[in-house]
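# Commentary on secondary and tertiary structure
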Amino acid sequence: ADINGDIDVDGHTNLDNVNVVGVVTVTGAVNASHSSFGNVTALGLVLSNTNATILFTDTNDNPDYSLGVDGGILKIRDTTNNADRLVVNTDGHIDINGNLDCLAGLDVTGNATVSGNLSVGGVLTYEDVTNVDSVGLITARDGIRLPNTKKIELGNAQELEIFHDGTDSIIRNT
């Protein structure tokens, strides 16, 4: 059949193959839950709502996810465990709930703040630090510089000290 006007269908209708050229407007939910759903090909897909969300339900495993935006905040959400996994906030900063594995490396331009522990499995190279708490061997490329009266203390009870008092260099067993 060739229909050149509007079609108004009330009730449930099964359509085996629908090809639409132009714009499709859907009020309500679009459910694409068939196991052989296939591909959606479009020049653009626009979801417009106060909480525009796409649900991803994996029927043979968990967790399930949603991708949504609400109030200018984009979220990838683990709907099985009720947890936000990635959040892009309105000011541009990104929150990641869980471990972040950067397999090809991590480059930081700007400041990095670590509020917990930092574990380094390889070589740590750093410049312009105030305090270093190191377990193991320290290698200093250009020497160690201490201001006057600051001491290198050795031994479990710091019984050996090496320092400069501004005039004299002192090695003392305390």
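Structure shown above.
Residues numbered from 1 in each chain as written. Predicted model: local features only at pLDDT ≥ 70, side-chain atom pairs only at ≥ 80, totals over all residues. Heavy atoms only, no water.

## Side note on the pattern of salt bridges
Tallied over the full model, the rule gives 5 salt bridges. One salt bridge connects Asp84 with Lys75, and the closest N-O pair in it is separated by 3.4 Å. For the salt bridge of Glu161 with Arg172, the shortest nitrogen-to-oxygen distance reads 2.6 Å. With Glu161 in strand S7 (residues 160-164) and Arg172 in strand S8 (residues 169-173), the pair connects residues that are 11 residues apart, well separated along the chain. (Salt bridge = Lys/Arg side-chain N within 4 Å of Asp/Glu carboxyl O. Helix = DSSP H or I, 4+ residues; strand = E, 2+ residues; numbered from the N terminus.)

## A closer look at the sheet that holds S7
Taken together, 3 strands build an open sheet; the order of strands is S6-S7-S8 and the sheet is antiparallel. Pairing within the sheet leaves two strands with one partner each, and these edge strands are strand S6 (151-154) and S8. The sheet shows a mean angle of 10° between the axes of neighbouring strands, taken without regard to direction. (Pairing = 2+ DSSP bridges. Axes fitted to C-alpha atoms, helices over the stretch in contact; angles between N-to-C directions.)

## Description of the side chain of Asp78
With respect to the element layout, Asp78 can be found in strand S3 (residues 73-78). Of the residues examined, Asp78 reaches a relative accessible area of 1% and is grouped as buried. Separated by 2.9 Å, the side chains of Asp78 and Arg85 make a polar contact. Among all residues touching Asp78, those that are not within four sequence positions of it are Pro63, Asp64, Tyr65, Ala83 and Arg85. (Buried < 20%, exposed > 50% of the residue type's maximum accessible area, 1.4 Å probe, protein only. Polar contact = N/O pair within 3.5 Å; in protein donor to acceptor, adjacent residues only side chain to side chain. Contact = heavy atoms within 4.5 Å.)

## Description of the pairing of strand S2 (residues 65-70)
Summarising the sheet, strand S1 (residues 51-56) and S2 pair through 6 bridges and their orientation is antiparallel. The partner of Ala52 across the bridge, within S2, is Val69. Pairing geometry for S2 and S3, over 6 bridges, is antiparallel. Within the sheet, the bridge partner assigned to Gly68 lies in S3 and is Lys75. Counted between consecutive antiparallel strands, the loop separating S2 from S3 contains 2 residues, among which Gly71 sits at a positive phi close to 65°.

## Here's the deal with unusual backbone geometry
Omega for the bond connecting Asn62 with Pro63 falls within 30 degrees of zero, at 5°, which places this linkage in the cis form. Examined against the element boundaries, Pro63 turns out to sit in the loop between S1 and S2. With phi around 55°, Asn82 is a residue other than glycine that occupies positive phi space. Mapped onto the elements, Asn82 comes out in the loop between S3 and strand S4 (83-88). With a phi close to 70°, Thr149 is a non-glycine residue in the positive phi region. Looking at the element boundaries, Thr149 is found in the loop between strand S5 (94-96) and S6.

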